[in-house]
Amino acid sequence: MIIITGASDGLGKQVAKLYKEAGKKVVNISRHESEYADVNICVSLQIGKEIKEAADKIRAIDEPLEALINCAGVWSNQKMGEITEEEIDRLLSTNVKSQILLVSNLWERIIKDGTDVVNVASTIGLKGIVSEAVYGASKWAVRGFSQNLLVEFKGKPNRVISFCPSGFKTKFFEKTGDDKTADGSVWMKVEDVALALKQALDLPKNMEVSEIVIARK
Ligand SMILES: NC(=O)c1ccc[n+]([C@@H]2O[C@H](COP(=O)([O-])OP(=O)(O)OC[C@H]3O[C@@H](n4cnc5c(N)ncnc54)[C@H](OP(=O)(O)O)[C@@H]3O)[C@@H](O)[C@H]2O)c1
């Protein structure tokens, strides 16, 4: 089975569709249901107790856990001088805490099943963008977590992929009130980004692409 956080929309939803088409059992974790999931665990990944509840439900499913794809995320465009504590908490809990706590809560199972972990970061995790300090910091943290998993998985069959795409077209930005994708420039198609993610996981288990950086041309 494949676990995908944030499979109710955007990239996670497209990845769920690909796995569904490939005949895999898909488990979605997000606040809303995913049409491509066989099992929907509807919780907020901002809240530690709900992450634990989700992990308990996954442990109760007696099927090998092939991959955990940490895709859920939110954006922030608060400018320097206007950044609030609430916004930092919202971003760091949704984007960073969720990934670390979910992996930690499922650790025993991940090691037992040789589960691969994909942590969706962003190219902002390799640079800076004006007015995106909070989002950028969260994605640098996500890349840091993937680096840590690389050493935690040393000598084990588990692989970790730090997945860093640049902009692709979803409702991601619109949800925070500023649709950057309406700027007239060319954004990647979410279908293509989803395919790149799955293709990296489909490689033989002795091939670990530890970081994927996809720029848009
Ligand atoms: N779009 C881009 O240009 C871009 C570029 C680089 C990286 N990324 C990254 O790619 C990932 C997916 O982005 P996207 O564009 O596909 O965004 P999206 O379409 O807005 O989807 C975000 C997903 O995250 C889930 N989510 C948000 N808050 C949650 C919460 N508190 N608890 C549980 N789930 C939550 C949403 O589900 P619910 O609302 O149902 O909870 C939704 O399924 C994010 O990590 C983002 O940072 C996006």
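Our subject is the structure listed above.
Residues numbered from 1 in each chain as written. Predicted model: local features only at pLDDT ≥ 70, side-chain atom pairs only at ≥ 80, totals over all residues.

Colleague: Whenever I open this one, the overall build of the protein chain confuses me. Can you help?
Modeller: Across its full length, the protein chain holds 6 helices and 7 strands. The C-alpha radius of gyration of the protein chain comes to 16 Å, within 12% of the 17 Å expected for a compact globule of 217 residues. Seen through its principal axes, the protein chain has C-alpha atoms that stretch 50 × 35 × 35 Å. Within the protein chain, the proportion of its 217 residues that are buried is 38%. Considering only intrachain contacts with a sequence separation of at least 6, the fraction spanning at least 24 residues in the protein chain is 64%. (Helix = DSSP H or I, 4+ residues; strand = E, 2+ residues; numbered from the N terminus. Rg over C-alpha atoms; globule rule 2.2 N^0.38 Å. Buried ≥ 20, exposed ≤ 12 C-beta atoms within 10 Å, placed from the backbone. Contact = placed C-beta atoms within 7 Å.)

Colleague: It is not clear to me how the site of the ligand should be interpreted in this structure. Could you clarify?
Modeller: The ligand sits among 26 residues. The nearest are Gly-6, Gly-10, Arg-31, Gly-73 and Phe-172. Ranked by the residues each element gives to the shell around the ligand, the list is headed by helix H1 (residues 10-21), at 3 residues. Residue composition of the shell around the ligand, by class: 9 nonpolar, 13 polar and 4 charged. (Near = placed C-beta within 6 Å. Nonpolar A, V, L, I, M, F, W, Y, C, P; charged D, E, K, R; others polar.)

Colleague: How should the packing of helix H3 (residues 85-105) against helix H5 (residues 133-152) be read in this particular structure?
Modeller: Each pair of packed helices gets described by two things: the angle between the helix axes and the distance between those axes. Across the interface, H3 lies against H5 with an axial gap of 9 Å and an inter-helix angle of 15 degrees. In terms of their interaxial angle, H3 and H5 are classed as roughly parallel. Every pair of crossing elements has a handedness; the one defined by H3 and H5 is right-handed. Contacts between H3 and H5 involve Glu-87, Ile-88, Leu-91, Leu-92, Asn-95, Val-96, Gln-99 and Ile-100 from the first element and Val-134, Tyr-135, Ser-138, Lys-139, Ala-141, Val-142 and Phe-145 from the second. Along the lines of polarity and charge, the residues of the contact of H3 with H5 split into 10 nonpolar, 3 polar and 2 charged. (Axes fitted to C-alpha atoms, helices over the stretch in contact; angles between N-to-C directions. Parallel < 35°, antiparallel > 145°, perpendicular 65-115°, else oblique. Left-handed = near helix turned anticlockwise from the far one by under 90°.)

Colleague: Explanation requested: H1 in the structure shown.
Modeller: Residue pairs three or four apart in sequence face the same way in an α-helix, which turns once every 3.6 residues. In this model H1 runs 17 Å from its N-terminal to its C-terminal C-alpha over 12 residues, within 8% of the 16 Å that 1.5 Å per residue would give. Those residues of H1 that fall on the buried side of the exposure criterion are Gly-10, Leu-11, Gly-12, Lys-13, Gln-14, Val-15, Ala-16 and Tyr-19. Elements in contact with the buried residues of H1: strand E1 (2-5), strand E2 (26-30), strand E4 (67-70), strand E5 (116-120) and helix H6 (190-202). Immediately downstream of H1, the backbone of Gly-23 shows phi near 85 degrees, a positive value. (Expected span 1.5 Å × (residues − 1).)

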